[in-house]
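Architecture at a glance
One-letter residues, chain by chain:
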Amino acid sequence: MNVRRPRGTNDILPGASEHWQFVEQKIRDICHNFGYQEIRTPIFEHTELFERGIGETTDIVEKEMYTFQDRGDRSITLRPEGTAPVVRAFLENKLYAQPLPAKLYYFGPMFRYEKPQAGRYRQFYQFGVEAIGSADPALDVEMIVLPIEFYKSCGLSGFQVHINSIGCPTCRPTYRDTLRKMFSEKLDQFCSNCQGRIERNPLRVLDCKSPKCQELIDDIPLVLDSLCPECSEHFAQVRQYLDLLEIDYIINPKLVRGFDYYTRTVFEITVASLGAQNAIGGGGRYDGLVEECGGNPAPAVGFAVGLDRLMLALENQESQIFTPRKPDGFVAHFGGVTKPVAIKVVNDLRKQGLWVEMDYLDRSLKAQMKSANRFNCNWVLIIGEDELADNKVKLRWLASGEEEEVELDNIQVRLLNEREGQ
Ligand code: AMP
């Protein structure tokens, strides 16, 4: 049997997993600072949640969901994104009865049946934040500042923030109709994907990467010029607060996002070094989603960061984001009566919080010393039969090569003192 992992998935191996843990810790630290609490929702949900929430004419719902009938004949979907599940959990668990806005964050795998390439996978990881229950533009800005601070704390630099406003159900339909009319006149010049989109969801055409489609939308009227006074005012305040905080941003009037639930502010953060898949995060306001999911209307705003791409960007930057941990020490033994003593000593030291390694392959002392050196341990305890007869063991400091004899009963105190002193 030679089974390989499914296309578009990754194994996160030792070495890399430490980088992930580092980043995960940054997520917790930043969210704590900004007052967001973690929420963990199921990896799968009823398909209807995403169809209704994300929108039936989006790429995700049309062709990217991992949907299957379970044994009870229910339609189940592996979550392709985190916002709709958070909103569902907000309603189902009556989080609206607590002080608003609800400030929540999540971290975990998402699943989309996309064409795999560098930075685009079928299982990928997102960290996301949602604030539900306030229309304050200050929260839109918080949603832009939080990921920026997160990226910086991970050691990333050279990213760009793009923002736009795509209006609301009052002003967007007029803009959508204008685009539909304009695009329909040149329908056959658009790529086949866009031809399908023009009738159902013409704003999605703005997101098409085909150079020909880009050319065709070059001189379209801009959504920012068609906003209603309320949306205009909201966007002006977002910009004002961003300026106040001295955040660099680019207004990109053609920025739209892949979900139908967005209203007003949308944003995306990109890193040029990533090439085609250069978006490392994005988000926006979704004032209608809570109602769409069956709740009382509640304005909300959020973002999601793609962690796989963040990792790639950090790798490209060759940033030394953290110092890997190394074992404190190694306990060497010679088998026979020395082995149970080694097992006990290792266990006692680990209980004290030390990282201690030992040999499990009955190797020679020379080979064990080699392992200890490779691990770059501070010390090696050598449990020899002769010393053991006197209730002693040998302690060798690898950096200096110095050796001392330590009473078996004093090992813990000796090594813990040494660590305190470091
Ligand atoms: P979205 O949920 O589509 O707004 O995406 C938010 C972020 O998740 C993007 O900016 C990407 O960094 C990341 N992302 C989205 N789709 C994928 C994917 N298929 N593979 C890897 N990362 C992704």
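Residues numbered from 1 in each chain as written. Predicted model: local features only at pLDDT ≥ 70, side-chain atom pairs only at ≥ 80, totals over all residues. Heavy atoms only, no water.

Thoughts on the overall build of the protein
Quick reminder of the rule: Numbering goes from the N terminus for both helices and strands, where a helix is a DSSP run of H or I of at least four residues and a strand is a run of E of at least two. We compute the radius of gyration from the C-alpha atoms alone; for a globule the expected value is 2.2 Å times N to the 0.38, where N is the number of residues. Partly exposed describes any residue whose relative accessible area lies between the buried limit of under 20% and the exposed limit of over 50%, with all areas from a 1.4 Å probe on protein chains only and scaled to the type maximum. The criterion used for residue contact is that any of the two residues' heavy atoms lie within 4.5 Å.
Summing up its helical and strand segments, the protein has 15 helices and 16 strands in all. By the compact-globule yardstick of 22 Å for 422 residues, the protein is too spread out, its C-alpha radius of gyration being 28 Å. Dimensions of the protein along its principal axes, counting C-alpha atoms only, are 95 × 55 × 45 Å. Burial analysis of the protein (422 residues in total) assigns 48% to the buried set. Sequence-distant contacts in the protein: of pairs separated by 6 or more residues, those separated by 24 or more amount to 68%.

Some thoughts on the sheet that holds strand S15 (residues 392–397)
Selection criterion: Any two strands with at least two DSSP-identified bridges between them are counted as paired. Axis angles are defined between N-to-C directions and span 0 to 180 degrees, where every axis is a line fitted to C-alpha atoms and, for a helix, only to the segment in contact.
As summarised here, the arrangement of the five strands in space is S13-S12-S14-S15-S16, forming an open sheet in which the pairing is mixed. Since the sheet does not close on itself, it has two edges, and those belong to strand S13 (356–358) and strand S16 (403–407), each with one partner. Geometrically, the sheet is characterised by an average inter-axis angle of 25° between neighbouring strands, direction not taken into account. Here strand S12 (residues 329–333) pairs with strand S14 (residues 379–383) via five bridges, running parallel. Among the inter-strand pairings, phenylalanine 330 is bridged to a residue of S14, identified as valine 380. Here helix H12 (residues 338–351) sits on the sheet in contact with S12, S13 and S14, set at roughly 145° to S14. Running over the sheet, helix H13 (residues 365–375) touches S12, S13, S14 and S15 and is turned about 175° from S12.

Thoughts on the site of the ligand
So the rule is basically this: Note on definitions. A residue lies near a molecule or strand when any single heavy atom of the residue is within 4 Å of it. Polar contacts here mean pairs of N or O atoms no more than 3.5 Å apart (in protein, one a potential hydrogen donor and the other a potential acceptor; neighbouring residues in sequence count only if both atoms are side-chain atoms). For the area figures, the Shrake-Rupley method with a 1.4 Å probe applies, and any residue is considered shielded solely by the protein chains shown. Polar here means any residue other than Ala, Val, Leu, Ile, Met, Phe, Trp, Tyr, Cys and Pro, which are nonpolar, and Asp, Glu, Lys and Arg, which are charged; Gly is therefore polar.
The environment of the ligand is formed by 15 residues, the closest being Arg112, Glu114, Tyr121, Arg257 and Ala279. In the model, an oxygen atom of the ligand is placed 3.0 Å from a nitrogen or oxygen of the glutamine 126 side chain. Measuring from an oxygen atom of the ligand, one finds a side-chain N or O atom of arginine 257 at 2.7 Å. Coverage of the ligand by the protein amounts to 92% of the 480 Å² it exposes when considered alone. In terms of residue count, strand S10 (residues 279–285) provides more of the shell around the ligand than any other element does, three residues in total. Grouping the constituent residues of the shell around the ligand by class yields six nonpolar, four polar and five charged.

As for the side chain of threonine 263
Relative to the helices and strands, threonine 263 is located in strand S9 (residues 263–271). Look at threonine 263 and you get buried, because its relative accessible area is 7%. Engagement of the side chain of threonine 263 in a polar contact is seen with the backbone nitrogen of aspartate 287, the distance being 3.0 Å. Setting aside residues up to four positions removed in sequence, threonine 263 forms contacts with Ile166, Gly167, Pro169, Arg172, Arg285, Tyr286 and Asp287.

Focus on the sheet that holds S10
Taken together, eight strands build an open sheet; the order of strands is S1-S5-S6-S11-S10-S9-S7-S8 and the sheet is mixed. Bordering the open sheet on either side are strand S1 (37–38) and strand S8 (250–251), each of which pairs with just one other strand. Here helix H5 (residues 137–153) sits on the sheet and contacts strand S5 (102–111), strand S6 (123–132), strand S7 (159–165), S9, S10 and strand S11 (300–306); the angle it forms with S11, its principal contact strand, is near 20°.

Some details on the pattern of salt bridges
Stated precisely, the cut-off is as follows: Here, a salt bridge means any Lys or Arg side-chain nitrogen found within 4 Å of an Asp or Glu carboxyl oxygen.
Tallying each qualifying case throughout the model produces 24 salt bridges. With its nearest N and O atoms 3.6 Å apart, the salt bridge here joins lysine 152 to glutamate 149. Here lysine 152 and its partner glutamate 149 are both found in helix H5, three residues apart, which amounts to about one turn of the helix. According to the relative accessible area criterion, lysine 152 is partly exposed, its value standing at 47%. Here glutamate 149 falls in the partly exposed class, since its relative accessible area comes to 30%. Across the salt bridge formed by aspartate 207 and lysine 209, the nearest N and O atoms sit 3.9 Å from each other. Aspartate 207 gets classed as partly exposed once you look at its relative accessible area, which sits at 26%.

Describing the pairing of S9
Summarising burial for S9: nine of the nine residues are buried, a large majority. Across seven bridges, the pairing between S7 and S9 is antiparallel. Residue serine 165 lies in a different strand from S9, and its bridge partner there is threonine 265. Bridge analysis of S9 against S10 gives six bridges, and the strand direction is antiparallel. Bridging across to S10, threonine 263 finds its partner in arginine 285.

Description of the nonpolar core
Soluble, globular proteins show a tendency: their nonpolar side chains are buried together. Cut-off, in case you're wondering: Each nonpolar core is a collection of buried residues, namely Ala, Val, Leu, Ile, Met, Phe, Trp, Tyr and Cys, held together in the definition by side-chain atoms within 4.5 Å.
Formed by 54 residues in total, the largest nonpolar core has its most connected members in Ile132, Phe183, Phe190 and Leu206. Take this core: its biggest share by element is six residues, from helix H4 (residues 83–92). Ignoring anything within four residues of it in the chain, the contact list for leucine 206 reads Tyr175, Leu179, Phe183, Gln214, Ile217, Ile220, Lys254 and Val256.

Remarks on the domain arrangement of the protein
What counts here: Note: domain ranges come from an automatic or database domain assignment.
Looking at the protein, the domain boundaries give domain 1 (16–171 + 227–316) and domain 2 (329–420). Spacing between the C-alpha centres of domain 1 and domain 2 amounts to 50 Å.

Things to note about the environment of aspartate 248
For aspartate 248, the location among the structural elements is in the loop between helix H9 (229–244) and S8. The spatial distance from the C-alpha of aspartate 248 to the C-alpha of asparagine 378 is 46 Å, given a sequence separation of 130 residues.

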